[in-house]
Amino acid sequence: MATLHFKNATVYLQGSGTAAVALAEAADVTLDVDFDTDPDPAFGDTWETRLKGLLRFGGSMGGNFDTAQAGNALWEGSIATAARAFYMYPDRATATRYYYGNIWPKLSVTGSIGGRGTFSGSFEGDGQLAIN
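If you're wondering where the values come from, they're calculated on a predicted model, not measured in any experiment.

A short note on the side chain of Gln 14
With respect to the helices and strands, the residue Gln 14 is situated in strand β1 (residues 10-14). Those residues in contact with Gln 14, other than ones at most four positions away along the chain, are Ala 19, Ala 20, Ala 73, Ala 83, Arg 84 and Ala 85.

Some details on the pattern of salt bridges
On inspection of all chains with the given rule, the structure shows four salt bridges. One salt bridge connects Arg 56 with Asp 34, and the closest N-O pair in it is separated by 3.3 Å. With Arg 56 in strand β4 (residues 50-64) and Asp 34 in strand β3 (residues 26-39), the pair connects residues that are 22 residues apart, well separated along the chain. Residue Asp 34 is classed as partly exposed on the basis of its relative accessible area, which comes to 37%. Glu 48 is the partner of Arg 50 in a salt bridge, and the nearest nitrogen-oxygen pair spans 3.0 Å.

Concerning the environment of Arg 50
You can see Arg 50 is positioned in strand β4. Overall, the relative accessible area of 40% leaves Arg 50 in the partly exposed class. Considered as a pair, Arg 50 and Thr 81 are 31 residues apart in the sequence and their alpha carbons are 36 Å apart. Looking at Arg 50, its side chain comes within polar contact range of the side chain of Glu 48, at 3.0 Å.

A look at the packing of aromatic side chains
Enumeration according to the criterion identifies six aromatic pairs in this entry. Relative to Tyr 89, the ring of Tyr 12 has its centre 5.6 Å away and its plane inclined at 65 degrees; by these criteria the two rings are edge-to-face. You can see Tyr 12 sitting in strand β1 and its partner Tyr 89 sitting in strand β5 (residues 84-89), a full 77 residues away along the chain. Taking relative accessible area as the criterion, Tyr 89 reaches 15% and is therefore assigned buried. Judged by centre distance (6.3 Å) and plane angle (20 degrees), the rings of Tyr 87 and Tyr 100 are stacked. A residue pair is termed long-range when its members are at least 10 positions apart, and Tyr 87 in strand β5 and Tyr 100 in strand β6 (residues 99-112) qualify at 13 residues. When its relative accessible area of 33% is taken as the criterion, Tyr 100 is described as partly exposed. Through a chain of ring-to-ring contacts, the aromatic side chains of Tyr 12, Tyr 87, Tyr 89, Tyr 98 and Tyr 100 assemble into a single cluster. Its guanidinium or amino end placed over the ring of Phe 35, Lys 52 lies 4.5 Å from that ring's centre, counting from NZ or CZ.

About the criteria used
- Residues numbered from 1 in each chain as written.
- Predicted model: local features only at pLDDT ≥ 70, side-chain atom pairs only at ≥ 80, totals over all residues.
- Heavy atoms only, no water.
- Helix = DSSP H or I, 4+ residues; strand = E, 2+ residues; numbered from the N terminus.
- Contact = heavy atoms within 4.5 Å.
- Salt bridge = Lys/Arg side-chain N within 4 Å of Asp/Glu carboxyl O.
- Buried < 20%, exposed > 50% of the residue type's maximum accessible area, 1.4 Å probe, protein only.
- Polar contact = N/O pair within 3.5 Å; in protein donor to acceptor, adjacent residues only side chain to side chain.
- Phe/Tyr/Trp six-rings, centres within 6.5 Å; stacked < 30°, edge-to-face > 60°.
- Lys NZ or Arg CZ within 6 Å of the ring centre and 35° of its normal.

Here you go:
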């Protein structure tokens, strides 16, 4: 696998139906994998050791605001009562390589008289982030 330029990346999010739709105006995405650690001390230890806890993931996405964008999947996901399917393809030309999982998305829209409208969204994972 080669180093990728993200100009060909794409993000999909489940809208109100069962199918995930491309966020056509998305322009950036981040994925974060994190975990907790707990101290594991014992008498006589010189150095602290730690136990690794549960994994979790989250991230963010953003881009140009477009009210017709993929049926407003980010809006629908942000008000949904169930986690939504999420797919991130680093290179849309390689359809067999992507990250996926279920997320709880949050939406923010920004605009001003002097510029274009933008959206941003953060999300928390619900379960495993996997790679295909």
